[in-house]
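Now for the letters of each chain:
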Amino acid sequence: MIGSLMMRTATMILVIGMIWGIEMGIRQSFAMAPAHAHLNLVGGVLLFVFGLYYKHFPTAGGSALAKWQGWLHITGSILFPLGIALVLAKGEAFIALPIIGSLIVLLAIALFALIVFRTSRA
Ligand code: HEM
């Protein structure tokens, strides 16, 4: 079920995001803070909460739309922070990555809104 995959992926992302935070602290170099923040919040917190919703409403979690939503969110929540990090480290040449990543996340959130409006009365 996509909900379990989303929650498992979210916990992995949080482990990586927190190690990244510790690494920033050790190096006393905080340039990557926006990428770290988006990885933890979009890829960790949001992904886990959406997975919980699908567990709570199995009709929603079992739908084909939820599968699309989950995979889009997972893809976007990795591409978006990775893009931010690349722009911060290498410059504007990589600007397409965070733009595409953020649009994928936006699409995933819009799909999630649709799913919630359809199923949250159940
Ligand atoms: C082991 C756990 C974590 C460590 C060691 C850590 C470390 C850090 C560090 C060093 C900064 C930069 C601070 C600065 O610029 O002065 C930061 C910023 C931030 N972190 Fe974390 N973090 C951790 C977990 C998390 C989690 C779980 C979240 C969210 C769910 C989070 C969200 C943020 C946010 C929103 C910022 C501010 C980003 C910005 O100012 O651009 N962090 N973190």
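Below: a short report on this structure. (Residues numbered from 1 in each chain as written. Predicted model: local features only at pLDDT ≥ 70, side-chain atom pairs only at ≥ 80, totals over all residues. Heavy atoms only, no water.)

1. Examining the overall build of the protein
Heads up, the rule is: Numbering of helices and strands runs from the N terminus, with a helix taken as a DSSP run of H or I at least four residues long and a strand as a DSSP run of E at least two residues long. In this scheme, a residue with accessible area under 20% of its type's maximum is buried, one over 50% is exposed, and one in between is partly exposed, where area comes from a 1.4 Å probe on protein chains only.
The secondary structure content of the protein amounts to five helices and zero strands. Reading the protein from its N end, one meets helices and strands in the order α-α-α-α-α. The dimensions of the protein, computed from C-alpha atoms along their principal axes, are 50 × 30 × 20 Å. Buried positions account for 39% of the 122 residues belonging to the protein.

2. Re the coordination of the iron atom of the ligand
Selection criterion: For Na, K and Ca the donor cutoff is 3.2 Å, while for all other metals N, O and S atoms count as donors only within 2.8 Å; water does not appear among the atoms, so some sites may look incomplete.
Exactly one protein atom donates to the iron atom of the ligand; that atom is His36 (NE2), 2.0 Å from the metal. Within the element layout of this structure, His36 appears in helix 2 (residues 33-56).

3. Here's the deal with the nonpolar core
Rule in force here: For this analysis, a nonpolar core means a set of buried residues of the types Ala, Val, Leu, Ile, Met, Phe, Trp, Tyr and Cys, connected via side-chain atoms within 4.5 Å. In what follows, residue pairs with any heavy atoms lying within 4.5 Å of each other are defined as contacts.
Among the nonpolar cores identified, the biggest contains 15 residues, and Met6, Leu47, Tyr53, Tyr54, Ala60 and Ile115 are the most heavily contacted of them. Those elements that place two or more of their residues in this core are helix 1 (2-27), helix 2, helix 4 (64-90) and helix 5 (96-119). Per-element tally for this core: the top contributor is helix 2, with five residues. Setting aside residues no more than four positions away along its own chain, Tyr54 makes contact with Met1, Ile2, Gly3, Met6, Ala60, Gly61, Ala66, Gln69, Phe112 and Ile115.

4. Quick look at the packing of aromatic side chains
The condition is simple: Note on aromatic pairs: the rings of Phe, Tyr and Trp (six-membered ring only in Trp) are paired at centre separations within 6.5 Å, and the planes decide the class, stacked below 30 degrees, edge-to-face beyond 60, tilted for the rest.
If you walk through the whole model with that rule in mind, you get five aromatic pairs. The interplanar angle of 75° and the centroid separation of 6.1 Å between the aromatic rings of Tyr53 and Tyr54 together place this pair among those described as edge-to-face. Among the aromatic residues, those joined into a ring-pair cluster are Phe50, Tyr53, Tyr54, Phe57 and Phe112.

5. Things to note about the site of the ligand
Quick note on the threshold: Proximity is defined per residue: if any heavy atom of the residue lies within 4 Å of a molecule or strand, that residue is considered near it. Residues adjacent in sequence count toward polar contacts only when both atoms are side-chain atoms; beyond that, a polar contact is any pair of N or O atoms within 3.5 Å, and within protein one must be able to donate a hydrogen and the other to accept it. Three categories are distinguished: nonpolar for Ala, Val, Leu, Ile, Met, Phe, Trp, Tyr, Cys and Pro, charged for Asp, Glu, Lys and Arg, and polar for the others, with Gly belonging to the last.
Taken together, the neighbourhood of the ligand is formed by Met18, Gly21, Ile22, Met24, Phe30, Ala33, Pro34, His36, Ala37, Asn40, Leu41 and Val45. Here a nitrogen atom of the ligand sits 2.9 Å away from a polar atom, N or O, in the side chain of His36. In this structure, a nitrogen atom belonging to the ligand sits 3.4 Å away from a side-chain N or O atom of Asn40. When residues of the shell around the ligand are traced back to their parent elements, those giving at least two are helix 1 and helix 2. It is helix 2 that provides the largest number of residues to the shell around the ligand, a total of seven residues. Of the residues contributing to the shell around the ligand, the split by class is nine nonpolar, three polar and no charged.

6. Points about the pattern of salt bridges
Selection criterion: Any carboxyl oxygen of Asp or Glu that lies within 4 Å of a side-chain nitrogen of Lys or Arg is treated as forming a salt bridge with it.
For the coordinates displayed, the defined rule picks out one salt bridge. Taking the shortest distance from any N to any O, the salt bridge between Glu23 and Arg27 comes out at 2.6 Å. With Glu23 and Arg27 both in helix 1, this residue pair falls four residues apart, about one helical turn. Judged by relative accessible area, which is 29%, Glu23 ranks as partly exposed.

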